[in-house]
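Examination of the molecular architecture
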Amino acid sequence: MTARASFAPSPRQQAWRRFTNRVMAVVLLACALTVMAPLFLVLYYLVREGATSLDWSFFTQLPKPTGEPGGGMANAIAGTLTLLAMAAAIGVPFGIMGGVYLAEYGSERANDWIRFTADVLNGVPSIVWGMVVYALLVVPFKTFSAYAGGVALGLMMVPLVMRTTEEVLVLVPQGYREAALALGIARWRIIVVIVMRTALKGIVTGVLVALARVAGETAPLLFTALGNNFWSHRLSEPIAALPLQIFSYAISPYDDWHRQAWAGALVLMALILIVNVTVRVLSRERRFT
Amino acid sequence: MADRIQPNPLIPPAAALPAAAAASSREPPAEVAFDIADLSLWYGSRQALYEVTIQLPARRVTAIIGPSGCGKSTFLRALNRMHELTPGTRMTGRLRLFGQDLYSPGVDPTHVRRRVGMVFQKSNPFPTMSIAENVLAGLRLNGVRDPALLRERLEQALRMAALWDEVKDVLGRPGVSLSGGQQQRVCIARALAIEPEIVLMDEPCSALDPIATAKIEELIRDLRTRYTVIIVTHNMQQAARVSDRTAFFYLGRLVEVDETRTIFMKPANPQTEAYVSGRFG
Amino acid sequence: MNPPVAAPAAPAVPLLPSIRHWPDRAFRWIALLAALAIAVLIGLVGWELYHGARLAIAQFGVGFLASSRWDPVTDQYGAWPFIFGTLVSSLIALVIAVPLGVATALFLTEFAPVRVRQPIIMIIEMLAAVPSVIFGLWGIFVLVPWMRDHLFRWLQDGLGFLPFFRGPIYGVSMLAGGIIVAIMILPIITSISREILRSVPDLQREAAYALGATHWEVIRLAVLSYARRGIFGAAVLGLGRALGETMAVTMVIGNRPAVSASLFAPGYTLASVIANEFTEATSDLYLNALFELGLVLLVVTVVVNILAQLMLRTFTGGASGKVS
């Protein structure tokens, strides 16, 4: 027999190492399960508490006066959709064109700064956006308004859409651009008709993801859109929104409003989940890599 | 068959072959380190090794040569059960290390890898550790705590890797701060520190310059006094320089294995002859 | 024989369209303006907050940050309780979320079979999509009562000798705020950690295996030590997120500007006090003080985020602007 090593791990050491190995595998699994649990818990309670309150009146009626049972969130749902439309009106053009600039034009250094700034903006707390738009649009006009709320959400969308658009455009192979250039097509046409068209799915999913993000935002609306217990007839008036309504109902002392808060939360979550699933389905069909 | 011999311009003449190669024919027959029978290996549905049967002698250097894709690295990795890290691999056949079946159900792969060390093609010292910590990593894993013992093994391993004089004053420097050749020798020291019975080397010099390569080849020749070395190389001159025995693999099969001199000067198999005379590969 | 045909004249228009054509120029300008909007926005944000806070800055100076007086009646304002609350709740969130997130990332990269990975990743991404206010709602009616009746009691029974776990239990508390923020930053910590762990070269793992290490030892030796810096960057990024969380925190933290050693005591964060009191601010100074709080929050968040970006740049190559 050849020489044995001058040391060798004792059987106890070996057993301990094997034991530790197995225990850690179980611990890691437990951690993964713990991380997944909250989603299921939240969804479960949303359905349990909210589903029973989802009736026709919930979707069609306005909130009843304080303390009175019944009523619905029709204005909040409509308000959220209105605000999202306005947010898109700002976020989509600026975001997409900004992304186009980053992907197709500009210099290395300048673009690095722009990207860096966009990332910084993405990290700004949403309540700060509310404060900024308050100073910009609420104070001068002396009124809370849907405009202010829409602008706040829209401004939040811009850096988000910009980055996702850039990421998708960069994935379009350079060969397409070169082939088009060689055919003598104008640069802007190449970008719009060829590059953006190729990346369209990615751009759309990026916009949808950003919309889903801002749809759930409450903080920026607290002092811009403010909320409204009635229909808004003008965009220069305060407007209701689902997250705002959920918030004010949840912190109220009335059980009936709590019930409705759950229902509203279920509707909001369903909206967001639908968008996310749509995005996932759209993304699955296309593989660039 | 003797008339077919032509002097191979790539291989140094017999007189220039290292004395070790000549000496091995005068030494008593070596003990068998690895006894391998009908080893076949699949990656998923693709078969990579076909019924390889070979005996690798102890305290000798055996080189494994062959063109790219012939299975030599796969074979090497089967010797310390490293192929099991790739999902979907399957192996049949028998592989014994000093009489012990390495693949029998009760055997722990980590145990196997302690006895059969490995040096990789690209040096891979742990970047967050110093030179000393790198070399001692295997020892610490196995529970050695005594500082005196650790110091002794550190010096021993670095001396064996012919690196002690170069790094003895800078043992605290990060392992990755050394040159490529030095890093590879750190990896060799790391493998030697745990006193394996076998040292596997997978093209250890392919990423190194000629000077570093020469140092490592000298090291390999010195190692054979205490260790069994199996080295995979695509460089035939290297195989001729360092090894006692050479095995030629082609398309997943062992074509021929014999003393290095024989393989390079009088190979029995025409395929071997074609490869070593540079006609393909 | 025909006379030689003259070679065609060189084309008057260059073969490649240059940017000098006006539609091209207009398009480029539009794109540039949109990109510059970003720079304008950041300037706007900083300016508006500063401008809105100038009265308070002039009035209280630097002492604002250390003062604990928050009294709208006498117009005395200090930021310390809110800074304290923000820091403590974020720290609690990190202490919970970083180990859990890294462990989950390890599970995904080292242990999970391939088919199980995608569903788990999807679930974690869905968690990231849940709005803050819904977490808050669930927090108020589900999590906080459970913590008040069970978790906090166990903690007090077992660890009550520590100052952190003494004092009356209301349910709404600093600890509740920290836990709910932990849940919300788990997805980003997990996903960034996963990217970092995936970037550890296989060669490192093999080096450890070849020394006879067990799977867990390989993780400890080769993977985690290699990924140390990146994971720290992920933690800092998570901190940046935690600092800015508003709604869920407001709903479960108790909203009392008190500085207490007990984690069961109610607290107040910068974002929460702004959310709660902004529309009730009666005086100009009051509103300015809230703006100043917002400015503090902005500065701290931006600095932390920049730090995180710098730390993660080597791993994700600068493309770390991902949201979830």
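Residues numbered from 1 in each chain as written. Chains lettered and ligands numbered in written order. Predicted model: local features only at pLDDT ≥ 70, side-chain atom pairs only at ≥ 80, totals over all residues. Heavy atoms only, no water.

Tallying secondary structure elements over chain C gives ten helices and two strands in all. Listing every helix and strand of chain C by position from the N terminus yields α-β-β-α-α-α-α-α-α-α-α-α. Each principal axis of the C-alpha distribution contributes one length, and for chain C these read about 115 × 65 × 35 Å. Taking all 324 residues of chain C together, the buried fraction comes to 56%. Taking the contacts inside chain C whose residues are at least 6 apart along the sequence as the reference set, 72% of them involve residues at least 24 apart. Of the roughly 14100 Å² that chain C leaves accessible, carbon and sulfur atoms contribute 66%. Across chain C, the centroid of the 20 positively charged side chains sits 9 Å from that of the 17 negatively charged ones. (Helix = DSSP H or I, 4+ residues; strand = E, 2+ residues; numbered from the N terminus. Buried < 20%, exposed > 50% of the residue type's maximum accessible area, 1.4 Å probe, protein only. Contact = heavy atoms within 4.5 Å. Areas by Shrake-Rupley, 256 points an atom, 1.4 Å probe, with all protein chains shown as cover. Lys, Arg positive; Asp, Glu negative; His and termini not counted. Charge placed at Lys NZ, Arg CZ, Asp CG, Glu CD.)

In this section: the overall build of chain B. Across its full length, chain B holds eleven helices and ten strands. When each of the 281 residues of chain B is scored for burial, the buried share is 55%. Taking the intrachain contacts of chain B between residues at least 6 apart in sequence as the baseline, contacts between residues at least 24 apart amount to 69%. Approximately 11800 Å² of chain B is accessible, and the part contributed by carbon and sulfur atoms is 51%.

Next up on the list: the packing of helix H6 (residues 146-171) of chain A against helix H1 (residues 22-60) of chain C. One can describe the packing of H6(A) onto H1(C) by two numbers: an axis separation of 11 Å at closest approach and a directional angle of 130°. What the angle tells us is that H6(A) and H1(C) run oblique. Handedness of the H6(A)/H1(C) crossing: left-handed. Contacts between H6(A) and H1(C) involve A:Leu155, A:Val158, A:Pro159 and A:Met162 from the first element and C:Ala34, C:Ala35, C:Ile38 and C:Leu41 from the second. For the contact of H6(A) with H1(C), the class distribution of residues is eight nonpolar, no polar and no charged. (Axes fitted to C-alpha atoms, helices over the stretch in contact; angles between N-to-C directions. Parallel < 35°, antiparallel > 145°, perpendicular 65-115°, else oblique. Left-handed = near helix turned anticlockwise from the far one by under 90°. Nonpolar A, V, L, I, M, F, W, Y, C, P; charged D, E, K, R; others polar.)

What follows is about the pairing of strand S2 (residues 46-57) of chain B. Here strand S1 (residues 32-43) of chain B runs beside S2(B); their pairing, made up of eight bridges, is antiparallel. Note on S2(B): the bridge partner recorded for B:Val32 is B:Pro57. (Pairing = 2+ DSSP bridges.)

Let us now look at a nonpolar patch on the surface. Together, A:Trp16, A:Phe19, A:Val23 and A:Val27 make up an exposed nonpolar region whose accessible area comes to about 390 Å². Within the secondary structure layout, A:Val23 lies in helix H1 (residues 11-50). (Patch = residues over 30% accessible without salt bridge, like charges linked within 9 Å, V, L, I, M, F, W, Y side chains within 5 Å. Salt bridge = Lys/Arg side-chain N within 4 Å of Asp/Glu carboxyl O.)

This part covers the sheet that holds strand S5 (residues 100-101) of chain B. Residue and element names in this part refer to chain B. Across the sheet, which stays open at both edges, the four strands sit in the order S2-S1-S4-S5 with antiparallel pairing between neighbours. A single partner strand is all that each edge strand has here, and the edge strands are S2 and S5. Two elements, strand S4 (residues 89-97) and S5, share two bridges in a ladder whose sense is antiparallel. Bridging across to S5, Leu97 finds its partner in Gln100. Contacts between helix H2 (residues 72-79) and the sheet are confined to S1, S2 and S4, with S1 contributing the most and set at about 120° to the helix.

All names here are of chain B. One open sheet accounts for six strands, arranged S6-S7-S8-S3-S9-S10; its pairing is mixed. Edge positions in the open sheet fall to strand S6 (116-119) and strand S10 (253-259), since each of these has one partner strand only. When strand polarity is set aside, the average angle formed by the axes of neighbouring strands in this sheet is 20°. Strand direction decides the pairing type here: strand S3 (residues 61-65) and strand S8 (residues 228-232), joined by four bridges, are parallel. From the neighbouring strand, Val61 faces S8, where its bridge partner is Val229. This element, helix H7 (residues 180-193), spans S6 and strand S7 (198-202) of the sheet and lies at about 175° to S6.

This part is about the interface of chain C and chain B. Every contact between the two is made by 18 residues of chain C and, on the other side, 25 residues of chain B. Roughly 1700 Å² of surface becomes buried between chain C and chain B when both sides are summed, with 69% attributable to carbon and sulfur atoms. If you sort the residues of chain C by the area they bury against chain B, C:Leu203, C:Ala210 and C:Leu211 come out on top, with a joint share of 35%. A salt bridge links C:Glu206 to B:Arg77, with the shortest nitrogen-to-oxygen separation between them at 2.6 Å. Our count for the chain C to chain B interface comes out at three residue pairs in polar contact (both at pLDDT 80 or more). (Buried area = accessible area lost by both parts, 1.4 Å probe. Polar contact = N/O pair within 3.5 Å; in protein donor to acceptor, adjacent residues only side chain to side chain.)

If you walk through the whole model with that rule in mind, you get 29 aromatic pairs over all chains. Seen in terms of ring centroids, A:Phe58 and A:Phe59 are 5.5 Å apart; in terms of plane orientation they differ by 90°. Their pairing is edge-to-face. Take A:Phe58: its relative accessible area is 1%, and that puts it in the buried class. Relative to C:Phe278, the ring of A:Tyr134 has its centre 4.8 Å away and its plane inclined at 85°; by these criteria the two rings are edge-to-face. Taken together, the positions of A:Tyr134 in helix H5 (residues 126-138) and C:Phe278 in the loop between helix H9 (270-277) and helix H10 (284-316) put the pair across two chains. (Phe/Tyr/Trp six-rings, centres within 6.5 Å; stacked < 30°, edge-to-face > 60°.)

Attention now moves to the interface of chain A and chain C. The interface is formed by 83 residues belonging to chain A together with 81 residues belonging to chain C. Summed over both partners, the interface of chain A with chain C comes to about 7300 Å²; 82% of that surface belongs to carbon and sulfur atoms. For the chain A face of the interface with chain C, the top three residues by lost area are A:Leu28, A:Val35 and A:Met131, together amounting to 9%. Where chain A meets chain C, there are two salt bridges. One salt bridge in this structure joins C:Glu217 and A:Arg17, with 2.7 Å as the shortest N-O distance. Taken together, chain A and chain C are joined by six residue pairs in polar contact (both at pLDDT 80 or more). Of all elements in the fold, only H1, helix H3 (74-104), helix H4 (108-122), H5, H6, helix H8 (187-198), helix H10 (242-250) and helix H11 (255-285) of chain A reach the threshold of two or more residues within the side of chain A that touches chain C. When residues in the side of chain A that touches chain C are grouped by element, the largest group, 19 residues, is from H1(A).

What follows deals with the nonpolar core. In this structure, C:Phe135, C:Trp138 and C:Leu293 are the most contacted members of the largest nonpolar core, which totals 203 residues. In contact with C:Leu293, not counting residues within four places along its chain, are C:Phe64, C:Trp70, C:Ala79, C:Phe82, C:Leu270, C:Val273 and C:Ile274. B:Leu79, B:Phe126, B:Val232 and C:Val218 belong to the second largest nonpolar core, which has 96 residues in total. (Core = buried A, V, L, I, M, F, W, Y, C linked by side-chain atoms within 4.5 Å.)

Residues and elements named next belong to chain B. One non-glycine residue, Arg59, lies in positive phi territory at about 50°. Mapped onto the elements of the fold, Arg59 is located in the loop between S2 and S3. Backbone geometry at Phe98 places phi at a positive 50°, although glycine is not the residue there. The topology assignment puts Phe98 in the loop between S4 and S5. For Phe98, a relative accessible area of 9% gives the class buried.

Low pLDDT means the predicted atomic positions in that stretch should not be read closely. Residue and element names in this part refer to chain C. For chain C, per-residue confidence averages 88 on the pLDDT scale, and 91% of positions sit at 70 or higher. Long-range and interchain partners of residues 10-17, a stretch whose pLDDT sits below 50, account for six contacts in this model, where long-range means more than four residues apart. Long-range and interchain partners of residues 317-324, a stretch whose pLDDT sits below 50, account for 19 contacts in this model, where long-range means more than four residues apart. Under the prediction, the complex receives an ipTM of 0.91, its pTM being 0.85. (pLDDT = per-residue confidence, 0-100.)

With that settled, the discussion passes to the pairing of S4(B). Walk down a regular strand and you will see the side chains alternate between the two sheet faces. Residue and element names in this part refer to chain B. As paired elements, S1 and S4 share eight bridges and run antiparallel to each other. Directly across from Ala37, in S4, lies its bridge partner Arg94. Here S4 folds back onto S5 in antiparallel fashion, the turn holding two residues, of which Phe98 has a positive phi close to 50°.

Attention shifts here to the side chain of B:Gln183. All names here are of chain B. Mapped onto the secondary structure, Gln183 falls in helix H7. Among the polar contacts made by the side chain of Gln183, one reaches the side chain of Ser123 at a distance of 3.2 Å. Not counting residues within four places of it along the chain, the set of residues in contact with Gln183 comprises Ser123, Pro125, Gly175, Val176 and Leu178.

Okay, the side chain of A:Gln14 next. Of note, A:Gln14 is situated in helix H1. Once you skip the residues sitting within four places of it in the chain, A:Gln14 turns out to touch A:Pro9 and B:His111.

What follows deals with the pattern of salt bridges. All names here are of chain A. Using the criterion set out here, one finds 26 salt bridges over all chains in the structure. Glu49 is paired through a salt bridge with Arg48; the nearest N and O atoms lie 3.3 Å apart. Here Arg163 and Asp119 are joined by a salt bridge, their closest N and O atoms 2.9 Å apart. Of this pair, Arg163 sits in helix H6 while Asp119 sits in helix H4, and the two are 44 residues apart along the sequence. An identical accessibility class is assigned to Arg163 and Asp119; each is buried.

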